[in-house]
Amino acid sequence: MAATPIVYDYSRLIVPDAAPAFVRQTALVGADLKYIAPRLAACRQEVLDNARLWVTGGPVPPEKQPLDAGFFDLPNQFLDEEREQLDTIVATANRLAEVCDRVVVLGIGGSYMGARAVFEACCHPFHNELGAGVRGNRPRIYFEGNNVDNDAMAGLLDLLGEADDWGIIVISKSGGTLETAVAFRVFLEALKKGCGGDMGKVRERVVPITGETGRLRDLADALELPEVFPIPDGVGGRFSVLSAVGLLPAAVMGANVEQLLEGAAAMNDVFRHSAPLENPSLDYAGISWLMQARRGANIRVLSTWGKRLEAVGLWYDQLLAESLGKHGQGPTPLTAVNTRDLHSRGQQHQEGSRDKLITNLVVEQPQREPLAVERSEYDQDRLNEMAGRTLPELLGAARSGTDKAYADDHRPTADIRLPQLDEHTLGQLFQMLMIATVAEGRLIGINPYGQPGVEAYKRNMNALLRK
Ligand code: PA5
């Protein structure tokens, strides 16, 4: 497949040095770029050095702990020396697809958000409603274990009934996350019942993905589950979408996992070889940080155009929030879905506090034949004036119109442009945003790995519940 690179375009954020002061206050000038370029080059070196440490198994200096830099080389490894593991993931997915009409993915945070992003971006928007043939005989997909919502879980159990044609992928790196563990116990019981107590059948239908040690690993051993996929040390939850954590569910739903990895590997190449200010991952980190540090844009709005990238936005919200929201610092991420949210957030983005950087996430070509407005004898809605216009044209006009309205009020926006939405571009995007998050962490002196703040609620919750 010919590579179709995604583009980060920040040109509208740059104004001439001679622009009036009030214009310069809301955008960036040449001096900002001059300041950031060498710093980005240093960040790139640090990111690459850290990634190298993971590959060579070199000692991690104490000030770098924890260091989960393994995500960087993962795509290249799967495509080269770990190819056999990739084949095993795909084979397991195909086997699950043969015995299961439905697969429930259990996990929370980084253990499910990537898979959900792939599901919404790459599968038919009504995948679960389609007949098996139209789904290419891939299972219907459900996400649980990401809450403890009684009625939601009971509703999914209703759907599964007492059948044996479904399976579970349970994902937890630590193996001890309560929400996921509780859901696994509930769904495992239901599956045992559905299989009439036949543990052979149950074992065919349950695949855990977990760290080398922990409660889920112990449980998998005790249940004698034949296949357990590891999450390598040095690959953190929110950086694990291109490990078995994202790849197994993606392969089950029928996504092309090889292309996801190829896309990510292509982004690694660009990161390694493109100069700062021409390097999407680095530039996105540097420009976003400049807009925050120098122009007060503390809120990062990822404005997705169309419906299929919302879950990618939520995955990125988690990535950015958990990675950089530390020590009283870090931008606040927010996903918007347009044109939908122009009718809910548009007013604030147009006229509210000047504390936002809006980055459009744009897909340039739809996958399907464009639908068009047809001429009608009933023209009370006055749509004949735009007869022949396609939905992509309408969406493009909404975006250009919105960008212009913001620009007219000196609220310039940037773009991340995907030539089309497929596994290759999605792989590039995942990798670009993960690299950018780490690079920005290094830029501002925050360790992007680990989430010490989340431990407090877990401790308190367990203390309240365990006898
Ligand atoms: O990014 C992270 O590390 C977290 O969001 C985890 O993915 C999340 O807390 C789930 O953890 P675990 O996979 O250990 O159940």
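That block above? That's the structure.
A brief look at the structure comes next.

### Looking at the overall build of the chain
Okay, so step 1: The helix and strand tally for the chain stands at 17 helices and 10 strands.
Okay, so step 2: What you see for the chain is a C-alpha radius of gyration of 23 Å, in line with the 23 Å of a compact globule of 467 residues.
Okay, so step 3: Projected onto the principal axes, the alpha-carbon positions of the chain cover approximately 75 × 70 × 50 Å.
Okay, so step 4: Among the 467 residues that make up the chain, the fraction classed as buried is 52%.
Okay, so step 5: When contacts within the chain are restricted to residue pairs at least 6 apart in sequence, those whose partners lie at least 24 apart make up 76%.

### Notes on helix α12 (residues 280-295)
Okay, so step 1: In this model, α12 (16 residues) spans 21 Å end to end at C-alpha, consistent with the 22 Å of a helix rising 1.5 Å per residue.
Okay, so step 2: Directly beyond the C-terminal end of α12, a positive phi value near 75° is found at G296.

### Some thoughts on the sheet that holds strand β7 (residues 299-305)
Strand-to-strand pairing in sheets goes through backbone hydrogen bonds, with the strands running parallel or antiparallel.
Okay, so step 1: Read across the open sheet, the 5 strands follow the order β1-β10-β9-β7-β8; overall the sheet is mixed. The open sheet terminates on both sides in strands that have one partner only, identified here as β1 (7-9) and β8 (332-338). Taking the axes of each pair of neighbouring strands and ignoring which way they run, one obtains an average angle of 20° across the sheet.
Okay, so step 2: Against the sheet, helix α13 (residues 310-324) touches β7 and β8, its axis set at about 175° to β8.

### What about the sheet that holds strand β2 (residues 102-106)?
Okay, so step 1: The 5 strands lie next to each other as β3-β2-β4-β5-β6, forming an open sheet whose pairing is parallel. Each of the sheet's edge strands pairs with one partner strand only, and the pair in question is β3 (140-144) and β6 (229-230).
Okay, so step 2: Across 5 bridges, β2 lies against β3 in parallel orientation. Along β3, the bridge assignment pairs R102 with R140.

### Description of empty space enclosed by the protein
Okay, so step 1: Throughout the structure, instances matching the rule amount to 3 cavities of 30 Å³ or more.
Okay, so step 2: In this structure, the largest cavity encloses a volume near 60 Å³.
Okay, so step 3: What lines the largest cavity is a set of 13 residues, and nearest its centre among them are S303, N338, L342, H349 and Y406.
Okay, so step 4: Looking at the lining of the largest cavity, the elements that each hand over two or more residues are β7, β8, α14 (346-351), β9 (356-365) and α15 (391-408).
Okay, so step 5: Residue classes in the lining of the largest cavity are distributed as 5 nonpolar, 6 polar and 2 charged.

### Some points on the packing of helix α2 (residues 30-56) against helix α11 (residues 257-273)
Okay, so step 1: Relative to each other, α2 and α11 sit at 130°, their axes nearing to 10 Å. One element, α2, and the other, α11, form an angle in the oblique class. Residue-level contacts link R44, V47 and L48 of α2 to F271, R272 and H273 of α11.
Okay, so step 2: The residue inventory of the contact of α2 with α11, partitioned by class, reads 3 nonpolar, 1 polar and 2 charged.

### Considerations on the side chain of K326
Okay, so step 1: Relative to the helices and strands, K326 is located in the loop between α13 and β8.
Okay, so step 2: Buried charged residue K326 carries no salt bridge. Nearest counter-charge: E322, at 8.1 Å.
Okay, so step 3: Side-chain polar atoms of K326 contact the backbone oxygen of G450, separated by 2.8 Å.

### Overview of the pattern of salt bridges
Think of it this way: side chains of opposite charge can pair up when their charged atoms draw near.
Okay, so step 1: Going through the model one piece at a time under the given rule, you end up with 30 salt bridges.
Okay, so step 2: With its nearest N and O atoms 2.9 Å apart, the salt bridge here joins D32 to R295. Here the residue D32 occupies a position in helix α2, and R295 occupies one in helix α12, the gap between them amounting to 263 residues.
Okay, so step 3: Salt-bridge contacts for E227 lead to R95; the nearest nitrogen and oxygen are separated by 2.7 Å. Of the two residues, E227 sits in the loop between α9 (215-222) and β6 while R95 sits in helix α4 (residues 83-99), which places them 132 residues apart along the sequence.
Okay, so step 4: R95 sits in the partly exposed class, given a relative accessible area of 26%.
Okay, so step 5: One connected set of salt bridges, linked through shared partners, spans D9, R12, E364, D403, D415 and R417.

### Observations concerning the packing of aromatic side chains
Okay, so step 1: In this structure the tally under the stated criterion is 12 aromatic pairs.
Okay, so step 2: Geometrically, the ring pair formed by Y35 and W289 is stacked, given 6.5 Å between the ring centres and 20° between the ring planes. In this pair, Y35 sits in helix α2 while W289 sits in helix α12, placing the two residues 254 residues apart along the sequence.
Okay, so step 3: Judged by its relative accessible area of 29%, Y35 is partly exposed.
Okay, so step 4: On the basis of relative accessible area, W289 is assigned to the buried category, the value being 16%.

### Considerations on the packing of α12 against helix α16 (residues 423-444)
Okay, so step 1: At a minimum axis distance of 8 Å, the contact between α12 and α16 shows a crossing angle of 50°. The orientation of α12 relative to α16 falls into the category oblique. Between α12 and α16 lies a crossing of right-handed hand. Contacts between α12 and α16 involve P280, S281, L282, Y284, A285, G286, W289 and Q292 from the former and M432, L433, I435, A436, A439, E440, L443 and I444 from the latter.
Okay, so step 2: Grouping the constituent residues of the contact of α12 with α16 by class yields 12 nonpolar, 3 polar and 1 charged.

### Comments concerning the pairing of β2
Okay, so step 1: Of all 5 residues in β2, 5 are buried; the element is thus mostly enclosed.
Okay, so step 2: Burial of the side chains of β2 extends over both faces: R102, V104 and L106 are buried on one face and V103 and V105 on the other.
Okay, so step 3: As a crossover connection, the stretch from β2 through helix α5 (residues 113-122) into β3 is right-handed.
Okay, so step 4: Pairing geometry for β2 and strand β4 (residues 166-172), over 5 bridges, is parallel. By the bridge assignment, V105 is partnered in β4 with I169.

### A closer look at the state of the cysteines
Okay, so step 1: In the structure shown here, the tally under the stated rule is 0 disulfides.
Okay, so step 2: Note on C100: no disulfide assigned, nearest cysteine sulfur contributed by C195 at a separation of 8.9 Å.
Okay, so step 3: Overall, the relative accessible area of 4% leaves C100 in the buried class.

Definitions and cut-offs
- Residues numbered from 1 in each chain as written.
- Predicted model: local features only at pLDDT ≥ 70, side-chain atom pairs only at ≥ 80, totals over all residues.
- Heavy atoms only, no water.
- Helix = DSSP H or I, 4+ residues; strand = E, 2+ residues; numbered from the N terminus.
- Rg over C-alpha atoms; globule rule 2.2 N^0.38 Å.
- Buried < 20%, exposed > 50% of the residue type's maximum accessible area, 1.4 Å probe, protein only.
- Contact = heavy atoms within 4.5 Å.
- Expected span 1.5 Å × (residues − 1).
- Pairing = 2+ DSSP bridges.
- Axes fitted to C-alpha atoms, helices over the stretch in contact; angles between N-to-C directions.
- 1 Å grid on protein atoms, 1.4 Å probe; cavity = no way out; pocket = protein on both sides within 12 Å on 5 of 7 lines; lining within 4 Å.
- Points joined across faces, edges and corners; volume = space filled by probe spheres on them.
- Nonpolar A, V, L, I, M, F, W, Y, C, P; charged D, E, K, R; others polar.
- Parallel < 35°, antiparallel > 145°, perpendicular 65-115°, else oblique.
- Lys, Arg positive; Asp, Glu negative; His and termini not counted.
- Salt bridge = Lys/Arg side-chain N within 4 Å of Asp/Glu carboxyl O.
- Polar contact = N/O pair within 3.5 Å; in protein donor to acceptor, adjacent residues only side chain to side chain.
- Phe/Tyr/Trp six-rings, centres within 6.5 Å; stacked < 30°, edge-to-face > 60°.
- Left-handed = near helix turned anticlockwise from the far one by under 90°.
- Right-handed = clockwise from strand over helix to strand, strands pointing away.
- Disulfide = S-S within 2.5 Å.

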